[in-house]
Amino acid sequence: MTQRLVLAVAGMVGAIGVVAAAAASHDGNSRNLAAIATICLAHGPALLALGLAARGRMLNLAAVLLALGSIIFAGDLGMREWLGRGLFAGAAPLGGGFMIGGWLAIVAGALFGRRD
């Protein structure tokens, strides 16, 4: 179940990244759209790889953290861009922290995780 959910989020995050990049190309003044594009286009492929190949609890945790972090971070910036307010106080730093934790969980999984 986790694998299918991670793959679905990977597709969604990748699509949002492309849409944000296209929108940013038409509005060169928006730092939020450029940041959304960057985050989503960087994390979408990572989520795809984790969804397809992750083995073990640590890499599954990495996938969940990257997915949640990407959604919260990009969602907060999107809300700021289009509605003038964020998701909730501290949403962007929380999402960023989850993404950092996800990348560090990949390191931990690679170094200390189960070998198949």
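One can find the structure itself at the top, above this paragraph.
From a predicted model like this one, the values you see are computed outputs, not experimental measurements. (Residues numbered from 1 in each chain as written. Predicted model: local features only at pLDDT ≥ 70, side-chain atom pairs only at ≥ 80, totals over all residues. Heavy atoms only, no water.)

## Quick look at the overall build of the protein chain
- Scanning the protein chain from terminus to terminus reveals four helices and zero strands.
- Counting from the amino terminus, the protein chain carries its helices and strands in the arrangement α-α-α-α.
- A compact globule built from 116 residues would reach a C-alpha radius of gyration of about 13 Å, and the protein chain, at 15 Å, matches this within 12%.
- Counting only C-alpha atoms and orienting by the principal axes, one finds that the protein chain spans roughly 50 × 25 × 25 Å.
- Burial statistics for the protein chain: of 116 residues in total, 38% are counted as buried. (Helix = DSSP H or I, 4+ residues; strand = E, 2+ residues; numbered from the N terminus. Rg over C-alpha atoms; globule rule 2.2 N^0.38 Å. Buried < 20%, exposed > 50% of the residue type's maximum accessible area, 1.4 Å probe, protein only.)

## Some points on the environment of R55
- By secondary structure assignment, the location of R55 is in the loop between α2 (31-53) and α3 (57-83).
- Judged by relative accessible area, which is 55%, R55 ranks as exposed.
- In sequence terms R55 and R114 are 59 residues apart; their C-alpha atoms lie 7.9 Å from each other.

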